[in-house]
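Inside the fold
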Amino acid sequence: MFANPIRFGASALVISGILFVIYPALRPFSDESSLLGAAAFGSGAWLAAHMLAIVAFTLLPLGLLGLQRSLLGTSAERLLFFALVLSIIGTGFTLPFYGGEAYGLHALGQEALRQRSASPLDLVEVIRSGPGLAMFLAGLLLLAASAIATATALWRSCRYPKASGVPFAVGMSLYIPQFFGTQPLRIAHGLLVAVGCVWIAACLWRQEQLDPDRQGLSEARRQ
């Protein structure tokens, strides 16, 4: 798999999609201004969920790299390369905020539990605001733009089903609004992103299997 960038990209998309579902399912939800919130922040589930989200975002550009490789020589190649660049930059902008959520709030929750006081949680909004939040939102917007460009490239490629990139584009475009939803809604959103990732991965894997067959048939005809 590692020797084949297209299969590696497909595998990266599948794993990323699965992790986008596990993240909101595993993440604790509670009143974040109380000791219940401190217990959520300080739990292993909080830390693990956000670390899995970091891995999910990191794998997205690797998946698009395999997709871009599969479209070399087509009219969609340049657009997919543009989507890949946007995905890399967007991921870079997004991950620092998740680091603050994973490690900063985890340490804050543990300190609040140690003190048996919710007063340390006054710093939660400090961690979640300011330049870090601005960069985070910019990163998610870039990822949404990347997903839309990916869906457009797949629509134009003539190698993949036209709608194969639509769920992925819709899911990534809704990433900011889903933060205002309840846990079931956020899990449903994760499932939408997962469907988009897995659909693209399945098409990518199938196309990679067809290409060697076509190459072998062409060589046989030449002989």
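This one's a predicted model, so the numbers in the text were calculated from it and none came from an experiment. (Residues numbered from 1 in each chain as written. Predicted model: local features only at pLDDT ≥ 70, side-chain atom pairs only at ≥ 80, totals over all residues. Heavy atoms only, no water.)

This brings us to the nonpolar core. Counting 38 residues, the largest nonpolar core has F57, L60, L67, Y98, M172 and Y175 as its most contacted members. Element by element, the count of residues in this core is highest for helix α3 (residues 44–70), at 8 residues. Dropping the residues within four chain positions of it, L67 is found in contact with L80, T150, L154, Y160, I200 and L204. In terms of nonpolar packing, the next biggest core, distinct from the first, is built from 8 residues, A38, F41, A112 and L121 among them. (Core = buried A, V, L, I, M, F, W, Y, C linked by side-chain atoms within 4.5 Å. Buried < 20%, exposed > 50% of the residue type's maximum accessible area, 1.4 Å probe, protein only. Helix = DSSP H or I, 4+ residues; strand = E, 2+ residues; numbered from the N terminus. Contact = heavy atoms within 4.5 Å.)

Looking now at the packing of aromatic side chains. Here a ring pair, both rings aromatic, is described through the centre-centre distance and the interplanar angle of the planes. Within the structure shown, the criterion is met by 10 aromatic pairs. Here the aromatic rings of F20 and Y175 are separated by 5.9 Å at their centres, their planes lie at 70°, and the arrangement is edge-to-face. Taken together, the residues F20 in helix α1 (residues 5–26) and Y175 in helix α8 (residues 175–178) connect sequence positions 155 residues apart. The residues F20 and Y175 share a single accessibility class, namely buried. (Phe/Tyr/Trp six-rings, centres within 6.5 Å; stacked < 30°, edge-to-face > 60°.)

This brings us to the side chain of T91. Along the chain, T91 turns up in helix α4 (residues 77–115). The exposure class of T91 is buried, given its relative accessible area of 7%.

Turning our eyes to something else, we now look at a nonpolar patch on the surface. Residues F81, V85, I89, F93 and M135 make up a contiguous nonpolar surface patch of roughly 400 Å² in combined accessible area. Residue contributions to the nonpolar patch peak at 4 residues, all from α4. Topologically, M135 is positioned in helix α6 (residues 131–157). M135 sits in the partly exposed class, given a relative accessible area of 38%. (Patch = residues over 30% accessible without salt bridge, like charges linked within 9 Å, V, L, I, M, F, W, Y side chains within 5 Å. Areas by Shrake-Rupley, 256 points an atom, 1.4 Å probe, with all protein chains shown as cover. Salt bridge = Lys/Arg side-chain N within 4 Å of Asp/Glu carboxyl O.)

Another aspect to go through is the pattern of salt bridges. Across all of its chains, the model carries 4 salt bridges by this definition. Its salt-bridge partner being E32, residue R128 comes within 2.7 Å of it at the nearest N-O pair. Of this pair, R128 sits in the loop between α5 (124–127) and α6 while E32 sits in the loop between α1 and α2 (35–41), and the two are 96 residues apart along the sequence. Given the relative accessible area of 24%, E32 is considered partly exposed.

Before going further, it helps to examine the confidence of the model for the protein chain. For the protein chain, per-residue confidence averages 91 on the pLDDT scale, and residues scoring 70 or more make up 93% of the total. No element of the protein chain has a lower mean pLDDT than helix α9 (residues 183–222), at 78, and none a higher one than helix α7 (residues 166–173), at 97. With pLDDT under 50 throughout, residues 213–223 is counted as low confidence; its partners more than four residues away or in other chains account for 1 contact. (pLDDT = per-residue confidence, 0-100.)

On to α6. Here α6 spans 38 Å end to end across 27 residues, near enough to the 39 Å set by a 1.5 Å rise per residue. Two residues or fewer past α6, C158 is found with a positive phi of approximately 65°. (Expected span 1.5 Å × (residues − 1).)

Turning next to unusual backbone geometry. The residue R116 is not glycine, and still its phi comes out positive at about 55°. We classify R116 as exposed; its relative accessible area is 74%. At C158, a residue that is not glycine, the phi angle is positive and equals roughly 65°. As for its placement among the helices and strands, C158 is situated in the loop between α6 and α7. With relative accessibility at 73%, the residue C158 sits in the exposed group.

This part takes up the side chain of R186. Within the secondary structure, R186 is located in helix α9. It is E32 that comes nearest to the buried, bridge-free R186 among opposite-charge side chains, at 7.0 Å. Leave out the neighbours within four places in its chain, and R186 touches Y23, P24, R27, F29, Q178, F179 and G181. (Lys, Arg positive; Asp, Glu negative; His and termini not counted.)

Here the focus is the packing of α6 against α7. Contact pair α6 / α7: the axes reach a minimum separation of 8 Å and the direction vectors enclose 165°. Classified by the angle their axes make, α6 and α7 are roughly antiparallel. Considering only the axes of α6 and α7, their crossing is left-handed. Mapping the contact onto sequence places L143, A144, A147, I148 and A151 in α6 and V166, F168, A169, M172 and S173 in α7. (Axes fitted to C-alpha atoms, helices over the stretch in contact; angles between N-to-C directions. Parallel < 35°, antiparallel > 145°, perpendicular 65-115°, else oblique. Left-handed = near helix turned anticlockwise from the far one by under 90°.)

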